[in-house]
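Descriptive analysis of the structure
What follows is each chain in one-letter form.
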Amino acid sequence: MMRNGVMPAALHIAGGRIARVGHIDDIADVDPEDVLDAGSRLVIPGLVDTHVHINEPGRTEWEGFVTATNAAAAGGVTTLLDMPLNSIPATIKAVALERKRKDAEGQCRVDVGFFGGMVPSNLAEMELMWTAGVFGFKCFMVPSGVDEFRHVSESDLRQAMPILSRLRAPLLVHAELPGPIDAAKPKRGTDARSYATYVASRPPAAERSAVQLVIDLARRYNTRVHIVHVSASETLPVLHAARASYMPVTAETCPHYLTLAAEEIPDGATEFKCAPPIRDDANRAALWDALDAGVLDCIVSDHSPCPPEMKKKDSGDFLAAWGGIASLELGLPVIWTEMRAQSRPFVQLTNWMSAAPARLFGLHHQKGRLASGLHADFVVLDEDETFEVVPEKLQQRHKVTPYAGRTLAGRVHATYVRGRLVFADGECVGRPSGRLLRREPVA
């Protein structure tokens, strides 16, 4: 699958990179033993997932480098960027970044890079982490759910943004404001087992007002901002206006917001809980329109696992359950199944899930496309083959998923990282050989 669509071709690989992309018959001088014939299956760029919570060190019982990167390989993800919270210590200091890298060494099946965190107490550490090679800085505008990663105020943002602007570093923002969430409490209902109660507890106004604030500050300080996991259609006009005025603002959404709908979530089904919440079907359709219009740039997983007991399945209490969906392994088929239902071309998927996230965080010279000189990260995929999601067969550490029992289209048959086979026909292959990535300096 080439940059401009699907076509027969031959990828020539040398030294872990694509040496050239030739005609399908351009293999006369190649030893037959060195030829992989994908037949009628697609060969696509490896996915680049820039929003993954691995949680090691410190909370490896939630998810670790081995299980997360095994799941990534099984799902056709060849490159991922790890978020700075949930691990202990959180990645808010340069020493914590080095600790995380040491723990990751030799455990990763795919290539892994890291984001740093921006919290009220670590402004002096940001330049150190940027110099050490993080790909940007993540902050929360509401409590993150873990004590080690405090959320920021408007005052904190005003202090941090000039630093980020000078460094030319992107700020990734979990954009919800506490005010609208607090105001919603008396109106949200009392049945904690009802998904409607949870949705009402985090209204779209919390997201829209947070995005507006961030954009206003970014305009003042000339800071590049990236809004993570956009969930609410009310946010889209704010993003559209910023993009129309050529502001350095980008945004992502996630498979669960594009394929699930609030009105279909049963009472007590806490496996569907995430923050911000999954909203209604009309909202879901608006997010697809925003992808088409370029208001949203990419689709990433926000893979956010936890131990099963934290999902409160016994009580079905949405308000008490941990908010996070683990979907590293399933993002590709989940999105492709929905795209097929909408009669969309596959090339859109590779743009939104490979090329665009690579471009947003400076990986496009190495990742995200099948082109000469780039890393030989690719996936052999049967886009027509269907399968049922059996949680016990998933590679992620804990088998909780809202997609259990669903029939999905698009089976990953093989995943290659830098020309090395790392996953084939349901099994991880060989020893972990993924590399730890550092941001390349900006010219």
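Keep in mind that this is a model prediction, so the values were computed, not measured. (Residues numbered from 1 in each chain as written. Predicted model: local features only at pLDDT ≥ 70, side-chain atom pairs only at ≥ 80, totals over all residues. Heavy atoms only, no water.)

Regions of empty space are outlined by a rolling probe, equal in size to a water molecule, passed over the atoms. Counted as a void, the largest pocket has a volume near 800 Å³. Breaking the lining of the largest pocket down by element, the ones donating at least two residues are β1 (10-14), β3 (42-45) and β13 (378-388). Per-element accounting of the lining of the largest pocket gives the leading share, four residues, to β1. A breakdown of the residues in the lining of the largest pocket according to their chemical character gives 21 nonpolar, four polar and four charged. In this structure, the second largest pocket occupies an estimated 660 Å³ of space. Around the second largest pocket, the lining is made up of 34 residues, and of these Pro-143, Ser-144, Gly-145, Arg-202 and Ala-275 lie nearest the centre. At the level of elements, β8 (137-140), α5 (178-184) and α6 (195-201) are the ones that each hand at least two residues to the lining of the second largest pocket. Ranked by the residues each element gives to the lining of the second largest pocket, the list is headed by α5, at three residues. (1 Å grid on protein atoms, 1.4 Å probe; cavity = no way out; pocket = protein on both sides within 12 Å on 5 of 7 lines; lining within 4 Å. Points joined across faces, edges and corners; volume = space filled by probe spheres on them. Helix = DSSP H or I, 4+ residues; strand = E, 2+ residues; numbered from the N terminus. Nonpolar A, V, L, I, M, F, W, Y, C, P; charged D, E, K, R; others polar.)

Bringing the side chain of Thr-401 into the picture now. Note that Thr-401 resides in the loop between β13 and β14 (407-417). A polar atom in the side chain of Thr-401 sits 3.0 Å from the backbone nitrogen of Tyr-403. Apart from the residues within four sequence positions on either side, Thr-401 is in contact with Glu-271, Leu-330, Val-389, Pro-391 and Leu-394. (Polar contact = N/O pair within 3.5 Å; in protein donor to acceptor, adjacent residues only side chain to side chain. Contact = heavy atoms within 4.5 Å.)

This structure, assessed with the given rule, holds zero disulfides. As a non-bridged cysteine, Cys-274 has Cys-254 as the owner of its nearest cysteine sulfur, 7.8 Å distant. (Disulfide = S-S within 2.5 Å.)

Here we take up the sheet that holds β3. Note: strands within a sheet are paired through backbone hydrogen bonds, in either parallel or antiparallel orientation. Ordered by their spatial adjacency, five strands build an open sheet running β3-β13-β14-β15-β16, and the pairing between neighbours is antiparallel. Where the open sheet ends on each side, the last strands, each with one partner, are β3 and β16 (427-428). With eight bridges joining them, β13 and β14 adopt antiparallel strand pairing. By the bridge assignment for β14, Leu-381 is matched with Val-412. On top of the sheet, helix α11 (residues 331-341) reaches β3, β13 and β14; it is set at about 135° to β14, its chief contact. Packing against the sheet, helix α12 (residues 346-360) makes contact with β3 and β13, and its axis sits at approximately 30° to β3. (Pairing = 2+ DSSP bridges. Axes fitted to C-alpha atoms, helices over the stretch in contact; angles between N-to-C directions.)

Glu-56 connects to Pro-57 through a cis peptide bond whose omega is 5°. Position of Pro-57 relative to the elements: it lies in the loop between β4 (47-52) and α1 (65-74). Here the bond from Ala-275 into Pro-276 is cis, since omega is 0°, no more than 30 degrees from zero. Assignment of secondary structure puts Pro-276 in the loop between α9 (255-259) and α10 (281-293). Residues other than glycine seldom take positive phi values, yet Arg-168 does so here, at roughly 60°. Relative to the assigned elements, Arg-168 resides in the loop between α4 (154-167) and β9 (171-174). By relative accessible area, which is 55% here, Arg-168 ends up exposed. Phi angles above zero are rare outside glycine, and His-229 is one such case at about 30°. Its location among the elements puts His-229 in the loop between β10 (225-227) and α8 (236-244). (Buried < 20%, exposed > 50% of the residue type's maximum accessible area, 1.4 Å probe, protein only.)

The next point concerns helix α7 (residues 204-221). End to end, α7 covers 26 Å across 18 residues, agreeing with the expected 26 Å (1.5 Å per residue, within 8%). Considered for burial, the residues of α7 that qualify are Ala-206, Glu-207, Ser-209, Ala-210, Val-211, Leu-213, Val-214, Ile-215, Leu-217, Ala-218 and Tyr-221. Buried positions along α7 lie against α4, β9, α5, β10, α8 and β11 (249-253). Trailing α7 by a residue or two, Asn-222 shows a phi angle of about 55°, which is positive. (Expected span 1.5 Å × (residues − 1).)

Spatially, the three strands line up as an open sheet ordered β4-β5-β6, and their pairing is parallel. Here the strands that pair on one side only, and so sit at the sheet edges, are β4 and β6 (111-114). In this sheet, adjacent strand axes meet at a mean angle of 20° when their direction is disregarded. Across four bridges, the pairing between β4 and strand β5 (residues 77-82) is parallel. Paired with Val-48 across the two strands is Thr-79, which belongs to β5. Its contacts with the sheet put α1 on β5 and β6, and the angle it makes with β5 is roughly 140°.

Pairing of β1 with strand β2 (residues 17-22) involves five bridges; the strand directions are antiparallel. In the sheet register, Ala-10 faces β2, and the bridge partner there is Gly-22. The antiparallel pairing of β1 with β2 creates a hairpin that spans two residues between the two strands, and Gly-15 there sits at a positive phi of about 60°.

On inspection of all chains with the given rule, the structure shows 19 salt bridges. Note that Asp-182 is salt-bridged to Lys-185, the shortest N-O span being 3.7 Å. The class of Asp-182 is partly exposed, set by a relative accessible area of 44%. With relative accessibility at 47%, the residue Lys-185 sits in the partly exposed group. Taken together, the shared-partner salt bridges in this structure form one network comprising Asp-111, Lys-367, Asp-377 and Arg-418. (Salt bridge = Lys/Arg side-chain N within 4 Å of Asp/Glu carboxyl O.)

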